[in-house]
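Observations on chain architecture
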Amino acid sequence: MLTLDKLRITLGDFSLSADFTVPQGARCAVMGPSGAGKSTLLAAIAGFLPPAAGRILWQGQNITQSAPGARPLSILFQDQNLFPHLSVTRNLGLGLDPKLRLGPGEHAKIDAALDRVGLTGLGARKPAELSGGQQSRVALARALLRARPLLLLDEPFAALGPALKSDMLALVAEIAAEQGATVLMVSHDPDDARALCPQTILVAEGTAQAPHATTDLLDHPPPALAAYLGG
């Protein structure tokens, strides 16, 4: 269970407040107008932005001051955050051991993760030798290996074509269900939100609201969301 307890994030003149709980295992889209603070919210949860006030709790434990690497989460960005000088195998190995001390057991886990995301036999390649879709799969495989209970997605599949993006969302849903992970996904696409996330957090007018049912929110959007979506 993720709790944002009277959280306030400030960046210059910008301010965003959040005060709600996300149940364990929930899958929530994070939607709202451009510049409303969707990525900022995820950055604060991940530990990259210190809040001006309030607390972030996971399963009742205060993680507000915890370093990003010590938090029980993985985060995927649109640029995938892969190290270009490392092979796919070593990029994935970072999810198991930051010092890359990889024995036979670790290599077996990496091979299994590559099989799972459809990249069998590509462990020796560098990221530049992969397509954008394959790089997305590597990033997802690393999150699979980390097996953290909270998965944050900051539009990691936005640059993919519709069919491949649909495949990636389905794979995220499968992995999240297997691991019991809680998912927060920033998205500008209502179809993506409907496909993966039964609930949606609306970020607008300085507030990240408690999760609403995605279907209800998108079928009857409030004015700020309707204007953004073109409704």
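For the structure itself, consult the block above.
Described in the following lines is the structure provided in the data block. These numbers were taken from a predicted model, which means no experiment stands behind them. Residue positions are counted from 1 within each chain, in the order its sequence is given. Restriction of local features to residues with pLDDT of at least 70 applies here, the model being predicted, together with a cutoff of 80 or more for giving and counting side-chain atom pairs; totals for whole chains, interfaces and linings are based on all residues. Side-chain numbers come from the whole structure's heavy atoms, not from hydrogens or water.

Focus on the packing of aromatic side chains
In summary, the pairing rule links any two rings of Phe, Tyr or Trp, Trp by its six-membered ring, whose centres are within 6.5 Å, and it sorts them by plane angle into stacked for under 30 degrees, edge-to-face for over 60 and tilted for everything else. Counted according to the given criterion, the structure contains one aromatic pair. An angle of 40 degrees between the planes, with centres 6.4 Å apart, marks the rings of Phe48 and Phe77 as tilted. With Phe48 in the loop between helix 1 (38-46) and strand 4 (53-58) and Phe77 in strand 6 (residues 73-77), the pair connects residues that are 29 residues apart, well separated along the chain. Only protein chains enter the accessibility calculation, which uses a 1.4 Å probe. A residue is then buried if its area is under 20% of the maximum for its type, exposed if over 50%, and partly exposed in between. Overall, Phe48 belongs to the partly exposed group, its relative accessible area being 45%. Since its relative accessible area comes to 25%, Phe77 is described here as partly exposed. Sitting above the plane of the Tyr228 ring, Lys38 keeps its charged end 5.9 Å from the centroid. Numbering goes from the N terminus for both helices and strands, where a helix is a DSSP run of H or I of at least four residues and a strand is a run of E of at least two. We call a charge positioned above a ring when the Lys NZ or Arg CZ atom is no farther than 6 Å from the ring centre and deviates by at most 35 degrees from the ring normal.

Focus on the environment of Ala70
By the secondary structure assignment, Ala70 is in the loop between strand 5 (61-62) and strand 6. Relative accessible area serves as the criterion here: at 61%, Ala70 is assigned to the exposed category. Separated by 24 residues in the primary sequence, Ala70 and Ala46 have C-alpha atoms spaced 9.7 Å apart.

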